[in-house]
There are 2 protein chains.
Amino acid sequence: MAQPDTVTRILDTAEVLFAERGFAETSLRNITSKAKVNLAAVNYHFGSKKSLIQAVFSRYLDPFTTRFHAALDELEAKHRQDGSEIPLEELLETMARTVLEVPAERNSLKVFMRLLGLAYSQAQGHLRRYIQDEYGSVFTRFTELVRRATPELPDAERFWRLHFVLGTVIFTLSGLDALRDIAEQDYHEHVTVRDLVRRLRPVVVSAMQAPLPEPPVQEAS
Amino acid sequence: MAQPDTVTRILDTAEVLFAERGFAETSLRNITSKAKVNLAAVNYHFGSKKSLIQAVFSRYLDPFTTRFHAALDELEAKHRQDGSEIPLEELLETMARTVLEVPAERNSLKVFMRLLGLAYSQAQGHLRRYIQDEYGSVFTRFTELVRRATPELPDAERFWRLHFVLGTVIFTLSGLDALRDIAEQDYHEHVTVRDLVRRLRPVVVSAMQAPLPEPPVQEAS
DNA sequence: ACCACATTCAAACAATTGTTTCCAACCTTG
DNA sequence: CAAGGTTGGAAACAATTGTTTGAATGTGGT
């Protein structure tokens, strides 16, 4: 579509600024001046600010979905041989590994997670729709595998618990910088992302396997 | 400070719009036109948009902290009599109950949670600082009680787990509308906030009581 | 009735936003 | 070397932003 230089320099700068300050708070002039490209370059190469935002996401999500599908293929093939179901831990492990792999190639996991967090919290209706349309299928596949790994859970319960842990991960990793400062100050330990994933593992597994809630209390009607 | 009408009408409208669309995406003209007040009224009564945002938060957080302190007083008094420690479940229960009580007086829990989520995710440095300064003490008190309820947890581990569950709650409840749509469509059940809290309870307790993570692997250095 | 004050209002302010325009520079192709 | 389409750049565009102004209106006290 275009030279590697200008386009990627815009993307590299945009993703950092978006992650730091959000979409609405980051102007095209912020991006272009820091990237040392002309203001018009964004509209020329991407068409609009919306498209730029989507492009920033694609650069992370495209490799992620590709790798994640491949990893799930591998996992399914392995367990098809011995006929066993894929255990929940292995599914979560695979997802975590894939998430960690992707941003290694580019900026940082922090940016990736922060972007995901923004995609949820910022209104940006077009973004949620875009992500849902483009990348919903891999999530559907994953949840189906989780379903087979946790047959004791009612469907609705599993749905909610998956979003509970999704919230934990995105919230923690996207707010990592602020939390890391506090943790370092209070407990004098330097926290890496891998540390956090290590801490998250048992928590997430326990959360998914928690006892079922009491049945809903019947309101007097 | 002023008539009940204009000021509260601005606050009522602002909190809804902020919750729906975020701070930067909501203009003062959006607020004032929907609230049917003059544009200048915001700057007249609140001084600036920043102050309006803080005022919106105060209206939720002030009653919350008051009630929460009172509830913790009561809880401590009760357990000081029989000399027992406050169990974790009771602490979490108290917090949940207080969170549910506050917005009953006003708009909705959804708005409250969505605002909290925005406070974290939107950059808005001034907001985080404001919340930290004004309401940090009650959180400190709560974490200290949690510490006594979970003596087996290392301090750093407890710190992180508290933020894990904080992420779960804020993320889920602030994105409730979108998730509810999906859940209703897929599982044909109408989800209320109280349902969600009921589902959250065992998950949060299990998360806090999960086994400790493996010690960090030592990198070859 | 009058005054002092608080509040409301319409209008304008300067600043910033995303986007477009038009021209110069460039590189590839004949 | 020349032609032509592609990419870069400075400036201007219209729209929207938060904020301020100054006059009009309302309100309560003496």
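Presented here is an overview of the structure given in this document. Note that the structure is predicted; figures quoted are calculated from it, not measured.

## A closer look at the protein's contact with DNA strand C
Reasoning step 1: As a matter of local geometry, DNA strand C sits amid 18 residues, with Leu 28, Arg 29 and Lys 49 of chain A together with Thr 6 and His 45 of chain B nearest to it.
Reasoning step 2: The sugar-phosphate share of atoms of DNA strand C within 4 Å of the protein amounts to 49%.
Reasoning step 3: Between DNA strand C and Ser 27 of chain A there is a distance of 3.4 Å, counted from a phosphate oxygen to a side-chain nitrogen or oxygen.
Reasoning step 4: Between a phosphate oxygen of DNA strand C and a main-chain N or O atom of Leu 28 of chain A, the distance comes to 2.9 Å.
Reasoning step 5: The element contributing the most residues to the surface near DNA strand C is helix α3 (residues 40-46) of chain B, with 3 residues.
Reasoning step 6: Residues of the surface near DNA strand C, tallied by class, amount to 7 nonpolar, 8 polar and 3 charged.

## Examining the pattern of salt bridges
Reasoning step 1: One pass over the structure, following the stated rule, counts 29 salt bridges over all chains.
Reasoning step 2: Between Asp 12 of chain A and Arg 59 of chain A there is a salt bridge, and its shortest N-O distance comes to 2.8 Å. Taken together, the residues Asp 12 of chain A in helix α1 (residues 4-21) and Arg 59 of chain A in helix α4 (residues 49-82) connect sequence positions 47 residues apart.
Reasoning step 3: Note on Arg 59 of chain A: relative accessible area 17%, which makes it buried.
Reasoning step 4: In this structure, Arg 147 of chain B engages Glu 144 of chain B in a salt bridge whose closest nitrogen and oxygen atoms are separated by 3.0 Å. One end of the pair is Arg 147 of chain B and the other is Glu 144 of chain B, both in helix α7 (residues 125-149) and 3 residues apart, which spans about a single turn.

## Here we look at the protein's contact with DNA strand D
Reasoning step 1: Around DNA strand D, the structure places 17 residues, and the nearest of them are Thr 6, Asn 38, Tyr 44 and His 45 of chain A together with Lys 49 of chain B.
Reasoning step 2: The sugar-phosphate backbone supplies 51% of the atoms of DNA strand D found within 4 Å of the protein.
Reasoning step 3: Asn 38 of chain A is positioned with one of its side-chain polar atoms (N or O) 3.4 Å from a base nitrogen of DNA strand D.
Reasoning step 4: In the model, a phosphate oxygen of DNA strand D is placed 2.7 Å from a nitrogen or oxygen of the Lys 49 of chain B side chain.
Reasoning step 5: Among the elements that take part in the surface near DNA strand D, helix α3 (residues 40-46) of chain A stands out by supplying 3 residues, more than any other.
Reasoning step 6: Per-class residue counts for the surface near DNA strand D are 6 nonpolar, 8 polar and 3 charged.

## What about the interface of chain A and chain B?
Reasoning step 1: Contacts between the two partners involve 48 residues from chain A and, on the opposite side, 48 residues from chain B.
Reasoning step 2: For the chain A and chain B pair, buried surface summed over both sides reaches about 4300 Å², with 71% attributable to carbon and sulfur atoms.
Reasoning step 3: Contact with chain B buries surface across chain A, with Trp 160, Phe 164 and Phe 171 of chain A losing the most and accounting together for 18% of the total.
Reasoning step 4: Residue Arg 199 of chain B is joined to Glu 157 of chain A by a salt bridge in which the shortest nitrogen-to-oxygen separation is 2.4 Å.
Reasoning step 5: At the junction of chain A and chain B, the tally comes to 7 residue pairs in polar contact (both at pLDDT 80 or more).
Reasoning step 6: Elements supplying a minimum of two residues to the side of chain A that touches chain B: α1, α6 (109-121), α8 (155-174), α9 (176-187) and α10 (193-208) of chain A.
Reasoning step 7: Counting residues per element, the side of chain A that touches chain B draws most heavily on α8 of chain A, at 14 residues.
Reasoning step 8: When grouped by side-chain class, the residues that make up the side of chain A that touches chain B number 28 nonpolar, 7 polar and 13 charged.

What counts and how
- Every chain begins its residue count from 1, and numbering advances along the sequence as written.
- Here chains are named by letter from A upward and ligands by number from 1 upward, in the order in which they appear as written.
- Where local features are concerned, this predicted model is filtered to residues with pLDDT of at least 70; where side-chain atom pairs are given and counted, the filter is 80 or more; whole-chain, interface and lining totals use all residues.
- Computation of side-chain values: all heavy atoms of the structure, hydrogens and water removed.
- Being near a molecule or strand, for a residue, means having at least one of its heavy atoms within 4 Å of it.
- Counting of polar contacts relies on pairs of N or O atoms within 3.5 Å, with two restrictions inside protein: one atom must be capable of donating a hydrogen and the other of accepting it, and residues adjacent in sequence are counted only when both atoms are side-chain atoms.
- Numbering goes from the N terminus for both helices and strands, where a helix is a DSSP run of H or I of at least four residues and a strand is a run of E of at least two.
- Note on residue classes: Ala, Val, Leu, Ile, Met, Phe, Trp, Tyr, Cys and Pro are nonpolar, Asp, Glu, Lys and Arg are charged, and everything else, Gly too, is polar.
- Any Lys or Arg side-chain nitrogen found within 4 Å of a carboxyl oxygen on Asp or Glu counts as a salt bridge.
- Each residue gets one of three labels from its accessible area relative to the maximum for its type: buried under 20%, exposed over 50%, partly exposed in between, using a 1.4 Å probe on protein chains only.
- Residues count as neighbours in contact if any of their non-hydrogen atoms are within 4.5 Å of one another.
- When two components associate, each loses some accessible surface as probed by a 1.4 Å sphere; the sum of these losses over both components is called the buried area.

Structural measurements only, silent on function.
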